[in-house]
Amino acid sequence: MIADIKKSVEQKMNKSLEALKVDLGKIRTGRAHTGLLDHVMVDYYGNPTPVNQVANVTLADARTIGVQPYEKNMVGPIEKAIRDSDLGLNPATNGEMIRVPMPMLTEERRRDLIKVVKSEGEDAKIAVRNIRRDANEQLKKLLKDKEVGEDEERRAQEDVQKLTDRFVAEIDKALQVKEADLMAV
């Protein structure tokens, strides 16, 4: 029972860390990367569809993303979806290809992005702490139902706390890397 709880806690905390890394990947630095457009939705015959499912998204160079729609009639809607997204990008079309240049980040914009990064990190830490709380409640229930002894329950809580500390440290490390990446000119 306790081993199952610990395994479940580690898996859930790992998922929280992975979700944070995905979210941090969406926060752009001065460089272009194809994952930037993953959450941009385009109207594809009445259905909101991610851009990467209706077009080939590639890196034209270090500061430009190239978007090649699979269908010619999708050039306009994809361009509009990218422009209307919250990314602050201004795509340019030349025939069948959409070029999305990455603007330089200003110092003020970098500071705003760091605030967003810290907020994402705090949300991830809250998720990890909630997982810890749920696990501790499960352990207390096992103790109350007399399925485990007090010593076993206390040791299991200590192990859950160690897991929590480890994942919080990993979250902090991921945040430091992203902040350094944002501040690099």
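What comes next concerns the included structure. (Residues numbered from 1 in each chain as written. Predicted model: local features only at pLDDT ≥ 70, side-chain atom pairs only at ≥ 80, totals over all residues. Heavy atoms only, no water.)

## Some words on the packing of helix α4 (residues 107–144) against helix α5 (residues 150–183)
Quick note on the threshold: Lines are fitted to the C-alpha atoms to define the axes, a helix being fitted only along its stretch in contact, and any angle between axes, read from their N-to-C directions, falls within 0 to 180 degrees. Numbering goes from the N terminus for both helices and strands, where a helix is a DSSP run of H or I of at least four residues and a strand is a run of E of at least two. Note on angle classes: values under 35 degrees are labelled roughly parallel, values over 145 roughly antiparallel, values of 65 to 115 roughly perpendicular, and the remainder oblique. Only Asp, Glu, Lys and Arg are considered charged, only Ala, Val, Leu, Ile, Met, Phe, Trp, Tyr, Cys and Pro nonpolar, and every remaining residue, Gly among them, polar.
Running from amino to carboxyl end, α4 crosses α5 at an angle of 170°, the nearest separation of the two axes being 10 Å. With respect to their mutual orientation, α4 and α5 come out roughly antiparallel. When its residues are assigned to classes, the contact of α4 with α5 shows 16 nonpolar, five polar and 12 charged.

## Side note on the side chain of K125
Condition: We call two residues contacting when some pair of their heavy atoms lies within 4.5 Å.
Take K125: it is sitting in helix α4. Among all residues touching K125, those that are not within four sequence positions of it are V168, I171 and D172.

## Re the packing of helix α1 (residues 2–26) against α4
Running from N to C, α1 and α4 cross one another at 170°; their axes reach a closest spacing of 10 Å. Here α1 lies roughly antiparallel to α4, going by the angle between them. The residues of α4 that touch α1, namely those facing I2, I5, V9, K12, M13, S16, L20, D23 and L24, are V117, E120, G121, A124, A127, V128, I131, R132, A135, Q138, L139 and L142. Classifying every residue of the contact of α1 with α4 gives 14 nonpolar, three polar and four charged.

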